[in-house]
Amino acid sequence: MSEINSLSDITSSGLCIGCGICESIVGKKNIKISMTEKGRLEPQEISPLSDENFNKIKKVCPGVIVEGLPKNEINQGSKFDLIWGYYHSLFYSWSTDTKIRFQSSTGGLLNGLSLYLLESKIVDFILHTGTDPLKPMRSISKYSYDKNELLSSGSCSRYGPTSPLDKFHEALNLNQPFAFVGKPCDISAIRQLSKIDEKVNKFCKYLLTLVCGGFGEFTKSQEFIEGFNVKEEELEIFRYRGNGNPGKMYIKTHSGKEYDKDYNSFWGEESTWRVPFRCKICPDAIGESADIAALDTWPGGSPKEEDEGFNAAIARTQKGLELLNSAVDSGYIKKGDNLSIDEINDFQPHQVKKKQAVFARHCGMKKNDLPTIETKGLRIKKLYNMNDKKFNINEEEGIIKRVDKI
């Protein structure tokens, strides 16, 4: 099977990331996103999809198609790098709000920008991911209309499965300006949707993302709490990181028991992350189609100790650059030193390797007669051609070995 002819073709081939855009398009009466035994969020057909609805899903699903920055967002002021794509500026940044900076995963850039957008009345609400208040190990999509809602939502990095787009059409139908904060694959779906739905660009004013290393399947989180003999229903707080940079993996039970684990001891070894297959073949984990992307700034790619919290900000569009500058001028964001591409490469070596490797991984999919992601404007074939031949062969064979684990 090399073609995608049904929703199950997407899920069974490991292409689904659980973003929820399919549910948003056709409604919960037709599709419901639910947790699988493997700890992934995937769509389940409640009633058979019409050809029209399935074709709508195929046009936007980030398991089917992912593209780079739209051509109309690239202008004479844009800079370019073969790995990192188009951008206007790179610099250190962090929230000037000490509470946001401390609680957030890194420097609080995305929360700081979200707060600026709300309090300056540029948007009415932020659509983002937060902690499920009833099941804190799980995540939900939510609207935040003010600072209290934003900061009380546990919106720092949610390393588990999320469906940030399950409410996206509901948000559009409110006919109010809003900003979206999510993963690069979520941003890709929104960009594709904007081609067939004029309401997207009319009401979704900003697309903000993080440079993404993938997320751990839900079983990874379950393994963590089981190590302390804690059950999910006992949890009052579940935090992946934050309260420092990087902060600790932390839980608190209803009875007041607390447990934590250092960031590197839980996330330091990439082979133990247990990320979905879709993350392993991701052609854009660096947020190429967003207005702004935020990333960690750890030399060598991992933290050596706690610090105050610093993001690198990548302004990819003119609109994103103007937002950053306005937030700085208004005192919401602190702008630090400018950064070079070489420094970004040092902060994110795993992203550099993934970008170089992903086309070979797609080739491995095709050789197994499995469909893979259609890409455009992401330069992955050009990078493949520049690689050492042995590197490409190893990556292709490596993904073939993982196919059985889809």
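What comes next concerns the included structure. (Residues numbered from 1 in each chain as written. Predicted model: local features only at pLDDT ≥ 70, side-chain atom pairs only at ≥ 80, totals over all residues. Heavy atoms only, no water.)

**Notes on the overall build of the chain**
Next up, step 1: The helix and strand tally for the chain stands at 17 helices and 17 strands.
Next up, step 2: Relative to a compact globule of 406 residues, whose C-alpha radius of gyration would be 22 Å, the chain shows 20 Å and is just as compact.
Next up, step 3: Long-range pairs, those at least 24 residues apart, make up 72% of the contacts in the chain between residues at least 6 apart in sequence.
Next up, step 4: When the accessible area of the chain is evaluated, it comes to approximately 17700 Å², of which 47% is carbon and sulfur surface.
Next up, step 5: Measuring between centres, the 56 positive side-chain charges of the chain sit 2 Å from its 55 negative side-chain charges. (Helix = DSSP H or I, 4+ residues; strand = E, 2+ residues; numbered from the N terminus. Rg over C-alpha atoms; globule rule 2.2 N^0.38 Å. Contact = heavy atoms within 4.5 Å. Areas by Shrake-Rupley, 256 points an atom, 1.4 Å probe, with all protein chains shown as cover. Lys, Arg positive; Asp, Glu negative; His and termini not counted. Charge placed at Lys NZ, Arg CZ, Asp CG, Glu CD.)

**Thoughts on the nonpolar core**
Next up, step 1: Of all hydrophobic cores here, the largest spans 74 residues; its most connected members are I10, I57, F168, F178 and F238.
Next up, step 2: Those residues in contact with F168 that sit more than four places away from it in its chain are S24, L127, F178, I190, L193, V200 and C204. (Core = buried A, V, L, I, M, F, W, Y, C linked by side-chain atoms within 4.5 Å. Buried < 20%, exposed > 50% of the residue type's maximum accessible area, 1.4 Å probe, protein only.)

**Comments concerning unusual backbone geometry**
Next up, step 1: In this structure, P246 follows N245 across a cis peptide bond, with omega equal to 5°.
Next up, step 2: Within the secondary structure, P246 sits in the loop between β11 (235–239) and β12 (249–253).
Next up, step 3: A positive phi is found at K121, a non-glycine position, where the angle reads about 65°.
Next up, step 4: The phi torsion at N229 lies on the positive side, around 60°, for a residue other than glycine.
Next up, step 5: By the element assignment, N229 lies in the loop between α10 (218–226) and β11.
Next up, step 6: Note on N229: relative accessible area 71%, which makes it exposed.

**Concerning the sheet that holds strand β10 (residues 204–210)**
Next up, step 1: The strand order across the open sheet built from eight strands is β8-β7-β9-β10-β14-β15-β6-β16, with neighbouring strands paired in mixed fashion. Each edge of the sheet is formed by a strand with only one pairing partner; in this case those strands are β8 (139–144) and β16 (333–338). On average, each strand axis in the sheet is inclined to that of its neighbour by 30°, with strand direction left out of account.
Next up, step 2: One ladder, built from five bridges, connects strand β9 (residues 178–182) with β10; its direction is parallel. Counterpart to V181 in the pairing with β10 is L208.
Next up, step 3: Along the sheet face, helix α5 (residues 109–119) touches β6 (89–95), β7 (125–131), β8, β9, β10, β14 (292–296), β15 (311–315) and β16 and points at about 165° away from the line of β10. (Pairing = 2+ DSSP bridges. Axes fitted to C-alpha atoms, helices over the stretch in contact; angles between N-to-C directions.)

**Brief notes about the packing of helix α15 (residues 349–367) against helix α17 (residues 389–403)**
For any two helices packed against each other, the geometry comes down to the angle between their axes and how far apart the axes lie.
Next up, step 1: At a minimum axis separation of 7 Å, α15 and α17 run at an interaxial angle of 55°. Classified by the interaxial angle, the pair formed by α15 and α17 is oblique. The crossing of α15 and α17 is right-handed. Contact with α15, carried on its side by K353, Q356, A357, A360, R361, C363, G364, M365 and K367, involves F391, N392, E395, E396, I399 and I400 of α17 and no other residues of that element.
Next up, step 2: Partitioned by chemical class, the residues of the contact of α15 with α17 number seven nonpolar, three polar and five charged. (Parallel < 35°, antiparallel > 145°, perpendicular 65-115°, else oblique. Left-handed = near helix turned anticlockwise from the far one by under 90°. Nonpolar A, V, L, I, M, F, W, Y, C, P; charged D, E, K, R; others polar.)

**A short note on the pattern of salt bridges**
Next up, step 1: By the definition in use, this model includes 17 salt bridges.
Next up, step 2: E288 serves as the salt-bridge partner of K355, at 2.7 Å between the closest nitrogen and oxygen. Taken together, the residues K355 in helix α15 and E288 in the loop between α12 (277–280) and β14 connect sequence positions 67 residues apart.
Next up, step 3: You can call E288 buried: its relative accessible area is 2%.
Next up, step 4: Through salt bridges with shared partners, one network takes in E73, R191 and D291. (Salt bridge = Lys/Arg side-chain N within 4 Å of Asp/Glu carboxyl O.)

**A short note on the pairing of β14**
Next up, step 1: With respect to burial, β14 is a largely interior element, five of its five residues being buried.
Next up, step 2: Residues I292, A294 and D296 line one face of β14 and the alternating positions A293 and L295 line the opposite face, and both faces are buried.
Next up, step 3: With three bridges connecting them, β10 and β14 associate as parallel partners. Pairing of L208 across the sheet is with I292, part of β14.
Next up, step 4: Pairing analysis gives five bridges linking β14 to β15, with the strands arranged antiparallel.

**Some thoughts on the sheet that holds β11**
Next up, step 1: Read across the sheet, three strands follow the order β11-β12-β13 without closing on themselves; strand pairing throughout is antiparallel. At either margin of the open sheet sits one strand with a lone partner, and together these are β11 and β13 (258–261). Sheet twist, expressed as the mean angle between neighbouring strand axes with direction ignored, is 10°.
Next up, step 2: Here β11 pairs with β12 via four bridges, running antiparallel. Counterpart to R239 in the pairing with β12 is Y250.
Next up, step 3: Contacting β11, β12 and β13, α10 crosses the sheet at an angle of about 120° to β11.

**Focus: the packing of α5 against helix α13 (residues 318–329)**
Next up, step 1: One can describe the packing of α5 onto α13 by two numbers: an axis separation of 10 Å at closest approach and a directional angle of 80°. Here α13 runs roughly perpendicular to α5, going by the angle between their axes. Here L109, L113, Y116 and L117 of α5 lie close against α13, whose contacting residues are L323, L324, S326 and A327.
Next up, step 2: For the contact of α5 with α13, the per-class residue count stands at seven nonpolar, one polar and no charged.

Taken by themselves, the reported measurements are silent on function.
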